[in-house]
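Structure assessment
Residues per chain are reported as follows:
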Amino acid sequence: MLTLGGLTFAAPWMLAALALLPIMWWLLRLTPPAPRRVLFPPLRLLLGLLPKEETPHRTPWWLILLRLVIAGLVIAALAQPLLRASETLPGDGPIVILLDNGWSAAPHWDRRTEALDDLLDQAARTDRSVLLVPSADLDVPGTAAPEILPAAEARRIAAGLAPRPWPADPAAALAAIESAMLPMPTSATWLADGLAIDDQAAQQALATWLQGNGDLRFYAETAGQRAHLVLSPRHDTSGLVLRVARADAGAVETVALRALDADGGFVARQEVTFAVDKTIAEAAFDIPGELRNRIASIVLENEEGAGAVYLLDESWRQRPVGLVAGGQEGTSDTLLGDLYYVQRALESSAELREGMIEDLLMREMAVLILADVGTLGPSQSEQLAQWIERGGVLVRFAGPRLAQQQEDDLLPVRIRAGDRMLGGAMSWAQPASIAPFPQESPFAGLVVPPDVRVARQILAEPDLDLGGKIWARLADGTPLVTGERRGEGWTVLVHTTANADWSNLALSGLFVQMLERLVALSQGVATGSAAEALPPLLTLDGFGRLGTPPAQAGALAPDPTANRPGPTSPPGYYGYEAARRGFSLADGIGLPAPFAAPTGIAALPYAATAELALLPWLLAAALLLLAIDGAIGLALRGLLMPTRRAATAPIAALAFLLAFAAPAIAQETAAPASGMSDEAIIEAIGVTRLAFIVTGDDEVDATTMAGLQGLTLILHQRTAAELGTPVAIHPDRDELAFYPILYWPVTQGQPPLNETGRNRINEFMRNGGMLVFDLRDPGVTGLGASALQTMTAGLDIPPLTPLPAEHVLARTFYLLREFPGRWTGGTVWVERAEGRVNDGVASVVVGSNDWAAAWAIDELGRPMFPVVPGGDRQREFAFRFGVNLAMYALTGNYKSDQVHIPSILERLGQ
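Since the structure is predicted, the reported quantities are computational estimates derived from the model, not experimental observations.

Quick look at the overall build of the protein now. Per the secondary structure count, the protein includes 22 helices and 39 strands. Taking all 910 residues of the protein together, the buried fraction comes to 49%. Here the contacts in the protein between residues at least 6 apart in sequence split such that 74% fall between residues at least 24 apart. Total accessible area computed for the protein in this model is approximately 43,800 Å², and 57% of it derives from carbon and sulfur atoms.

Below you can see the structure in the form of structure tokens.
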């Protein structure tokens, strides 16, 4: 390689061809141009026929200079000039590229592949072979051992690499490098993630070997950019506590977690903040029990990867609750039954099972509620004690039978014989109200209704530790609910009845909330047989998307502590559809921690390469000048008339070549309406196109363009619609009448329209156009979003209504019940149907599921963004909604006319 100033030539020997330019000058100077043919009358030959000496005409000097410039550009291009070339790879033998493609590579996978492409480019320019070692792929069954290959062949292998949902294996990587029999010393580049794995000794041994056997360059994510890990939630008195781990402390950081249901629908969102010196952040997820039972996964917002997903199974969402009554009159069928109010309070948030204590304990059980159960047999007490130690929650309600018991080991406190009556003919006291709940109580935060009264209770014997066991008190300070921790479980005593005999607590909404809090104390139940290996059902890929298990996935061991994420046991769901167990990445690996660069080596950050290859630009310039030279040659030979056609030929050739030589333009801008030529208007109306409004955010605009291109491709494949390339629109200067749909992504920083833009948008809607607003986040509060209100100020937005199931938009081409995009769960709003204006087509559609990101495809036709959490199925339904949207705008509301057919036929018959 040769470097001259800031310019580097990868093939400098080609510059020797510049010495031939003087010879080319001499040859071109002696070569006359082709003769020019002129048509004239034959008699003209007879006039002025005098012999005279003529000399050959030589090529004009400026044409010779043009052709020498063309030759010089071609020679310079073949020398492969590079602007701001990357540092040359040291050594002259094969190079080792160690790529960490484990779970932590997913959030910034594009950076890692860019660095890999840059290394392979350097290897190709210097004609050096490559040993490419993906550290997470070496243990995958059926994978061939890495080999030393030419750079072009290594690039083919690199194109098929992807992050894996398990950690990298440095021990296998070291074994693969040693078995390759590399010449020593060697040159190696380690594209790492900067995270230490559980087997840090193997990771350190790999670094020591690479450093000790040649030159080593070490790339790693910087602090603050490393992957997060969503940990297993824990149970708390307030419900679920969400947890996230990071590798680096030292700065306050806030991340957001989304709770999704089994179909990928949005349930709730919770922000979690890391303290300055903490690597684990927690936040209570206080949502109603009914919503909590719908949660199937916890997903880290704006971060991809298996570490950003935690899967919840039946043990988290469902709490089997056993119900046992004290006697025959304890049936739950009547208002006087001991279990009537308990059953009504929990039937929507728990799985209720009634029966004998022995029968219930033979099944998986999270909570056991005993309503006025007095004497317990020895075997019952022993079984219950063992069950509580393993994590069960025993809740006992008082009553006449329990009031007669003094010695009972399964109560949190000692109780007095008999009971205390407040109010009545034999008592001076009045029924007591409930005092506010203390902060340390599981019921903290619940509002006590002022009309709840307790007329009768059982009393606790005073003990030194009684105060720490009281979770609820009456206004006079006597205990109403007491609880005690035993092993992994709890024993709880409610000092009044579960029905309305002793109090009206069971008739209030507070009773429901208190029972839900008590059930939330439980640890849930395991699914599947404890002795049965579970087959894979759905597994996560490296980007955290659920899908079909890979061929090498095996059964999950029945002992959860024996499972580690790997090629044969990737994270996902195992078992059967009716009873599945969630296995998440955080269940099998340690907490993330930073991995320091080897001693004496500075860690290099991943950054976009500044290197610019000038070869395509020089060749494009040479082709452009060659086209101009050809046009000049035709003109000199008289094949082009000296008219406007001759003058415009070089310009047409220039425009044609620039269209192919210039880099791909990210978006095509519509022509201004003012001053449009007739040809431009004919072209605009000749091809139907989808259009979107430019937001000013380059990333959002590029995503929207790619999304509309993907939808255009799907429309071409599935329908008779032949659409042109989508265009980007500036409402204040572009004509809108040519486009049936304007897709408008909503961003926070988007400025409001000026008066010209507002007038054009209003005219567009009045003349039958359709605006599609996309808030791009189902967590935004529907039509009250501030950004949407700012953007639409001054627009004639009609009244909107949630999209009804019978709306034509739901059945224009496909029959749809849901309208997902990259996200799902958001409400779709449409113009309220009033009359037959614009053929009944709604002029406004508002949604929040980020449809364009789900439609977006790259140059190879591959999806650009993951859809959460439904994967390919959700993307298919997003495309179907896009097809319905386009066909609805193009064909009008014709399908709604079909509902009138029976009435028309009936009238014709009459």
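Anyway, onward from the coordinates.
Among all residues save glycine, negative phi is the norm, and among peptide bonds the norm is trans. A cis amide bond links M184 to the next residue, P185, at an omega of -5°. Tracing the chain through its elements places P185 in the loop between α5 (170-179) and β7 (186-191). The omega angle of the peptide bond from V868 to P869 is -5°, so this bond is cis rather than trans. The residue P869 is located in the loop between α20 (851-855) and α21 (871-891) in this model. You will see that D850, though not glycine, has its phi angle at about 55°, which is positive. Along the chain, D850 turns up in the loop between β39 (844-847) and α20.

Let us now look at the sheet that holds strand β25 (residues 489-494). Strands sit in the order β18-β17-β19-β20-β25-β24-β23 across an open sheet of seven strands; the sheet is mixed. Each edge of the open sheet carries a strand with a single partner, namely β18 (351-354) and β23 (470-473). Strand after strand, the sheet turns through a mean of 15° between neighbouring axes, direction not considered. Direction of pairing for β23 relative to strand β24 (residues 479-486): antiparallel, over a ladder of three bridges. Paired with A472 across the two strands is V481, which belongs to β24. Most of the contacts of helix α11 (residues 378-389) go to β25, to which it runs at about 120°, and overall it touches β19 (367-371), β20 (393-397), β24 and β25. Relative to β20, helix α13 (residues 509-520) is tilted by about 150°, and along the sheet it contacts β17 (320-325), β19, β20, β23, β24 and β25.

So, on to the sheet that holds β7. Taking strand neighbours across the sheet as the criterion, the six strands line up as β6-β5-β4-β7-β9-β31 in an open arrangement whose pairing is mixed. Edge positions in the sheet fall to β6 (148-149) and β31 (603-604), since each has one partner strand and no second. Across the sheet, helix α3 (residues 109-125) touches β4 (95-99), β5 (130-134), β7 and β9 (214-219), and the angle it forms with β4 is around 170°. Packing of helix α6 (residues 200-212) onto the sheet brings it into contact with β4, β7 and β9, and relative to β9 it is tilted by some 135°.

This part takes up the pairing of strand β15 (residues 295-300). Most of β15 sits out of view: six of its six residues are buried. Where strand β12 (residues 253-261) and β15 come together, five bridges link them in antiparallel fashion. The residue bridging R258 from the neighbouring strand is V299, located in β15.

The full count for this structure, using the stated rule, is 16 aromatic pairs. When the centroid spacing of 6.0 Å and the interplanar angle of 50° are considered together, the rings of W190 and F595 count as tilted. You can see W190 sitting in strand β7 and its partner F595 sitting in the loop between β30 (593-594) and β31, a full 405 residues away along the chain. Pair check on accessibility: W190 and F595 agree, each one buried. Here the aromatic rings of F738 and Y739 are separated by 6.3 Å at their centres, their planes lie at 85°, and the arrangement is edge-to-face. For F738, a relative accessible area of 19% puts it in the buried group. Here Y739 falls in the buried class, since its relative accessible area comes to 9%. Geometry around Y573 places R580 over its ring, the cationic atom sitting 4.1 Å from the centre.

Time to look at the packing of α5 against α6. Packing of α5 against α6 brings their axes to within 8 Å, and their N-to-C directions diverge by 30°. On the basis of the axis angle, α5 is roughly parallel to α6. Here α5 contributes P170, A171, A173, L174, I177 and E178 to the contact with α6, which in turn contributes A202, Q203, A205, L206, W209 and L210. Of the residues in the contact of α5 with α6, the class split is ten nonpolar, one polar and one charged.

On average, the protein scores 81 in pLDDT, and the residues at 70 or more come to 79%. Counted against residues more than four places away or in other chains, residues 424-428, with its pLDDT under 50, gives two contacts. Across residues 526-530, confidence stays below pLDDT 50; counting only partners more than four residues off in sequence or on other chains, it has eight contacts.

We now examine the side chain of T704. Along the chain, T704 turns up in helix α17 (residues 698-718). With sequence-adjacent residues up to four places away left out, T704 is seen in contact with F692, Y743, P745 and A852.

Now for the pairing of β19. Look at any regular strand and the pattern is simple: side chains alternate between the two faces of the sheet. Counting buried positions along β19 gives five out of five residues, so the element sits mostly inside the fold. Side chains V367, I369 and A371 of β19 all project onto a buried face; the interleaved residues L368 and L370 project onto the opposite face, where all are buried too. Across five bridges, β17 lies against β19 in parallel orientation. Bridging from a neighbouring strand, V321 pairs with V367 of β19.

Bringing the side chain of T482 into the picture now. Structurally, T482 can be placed in strand β24. Polar side-chain contacts of T482 include one of 3.1 Å to the side chain of H495. Aside from chain neighbours lying at most four places away, what touches T482 is P412, V413, K469, I470, W471, T491, V492, L493 and H495.

Moving on: the environment of W471. Along the chain, W471 falls in strand β23. Remark: the alpha-carbon pair of W471 and S441, spanning 30 residues in sequence, is separated by 4.9 Å. Among all residues touching W471, those that are not within four sequence positions of it are F437, P438, S441, P442, F443, V481, T482, G483, W490, V492, L518 and L521.

Let's shift gears to a nonpolar patch on the surface. A surface patch of nonpolar side chains, amounting to about 430 Å² of accessible area, comprises W61, W62, L65 and V69. Along the chain, L65 falls in helix α2 (residues 61-78). By relative accessible area, which is 42% here, L65 ends up partly exposed.

So, about the nonpolar core. Counting residues in hydrophobic clusters, the biggest one holds 42 residues, and the most contacted among them are M770 and W855. Elements that contribute at least two residues to this core include exactly α17, β35 (741-745), β36 (770-774), α20 and α21. Counting residues per element, this core draws most heavily on α21, which supplies ten residues. In this structure, M770 is in contact with P740, I741, L742, F764, V841, A842, S843, V845, L885, Y888 and A889, ignoring residues within four places of it in sequence. Counting residues in each nonpolar core, the second largest holds 41 residues, with L346, A371, L446 and V494 among its members.

Cut-off values and rules
- Residues numbered from 1 in each chain as written.
- Predicted model: local features only at pLDDT ≥ 70, side-chain atom pairs only at ≥ 80, totals over all residues.
- Heavy atoms only, no water.
- Helix = DSSP H or I, 4+ residues; strand = E, 2+ residues; numbered from the N terminus.
- Buried < 20%, exposed > 50% of the residue type's maximum accessible area, 1.4 Å probe, protein only.
- Contact = heavy atoms within 4.5 Å.
- Areas by Shrake-Rupley, 256 points an atom, 1.4 Å probe, with all protein chains shown as cover.
- Pairing = 2+ DSSP bridges.
- Axes fitted to C-alpha atoms, helices over the stretch in contact; angles between N-to-C directions.
- Phe/Tyr/Trp six-rings, centres within 6.5 Å; stacked < 30°, edge-to-face > 60°.
- Lys NZ or Arg CZ within 6 Å of the ring centre and 35° of its normal.
- Parallel < 35°, antiparallel > 145°, perpendicular 65-115°, else oblique.
- Nonpolar A, V, L, I, M, F, W, Y, C, P; charged D, E, K, R; others polar.
- pLDDT = per-residue confidence, 0-100.
- Polar contact = N/O pair within 3.5 Å; in protein donor to acceptor, adjacent residues only side chain to side chain.
- Patch = residues over 30% accessible without salt bridge, like charges linked within 9 Å, V, L, I, M, F, W, Y side chains within 5 Å.
- Salt bridge = Lys/Arg side-chain N within 4 Å of Asp/Glu carboxyl O.
- Core = buried A, V, L, I, M, F, W, Y, C linked by side-chain atoms within 4.5 Å.

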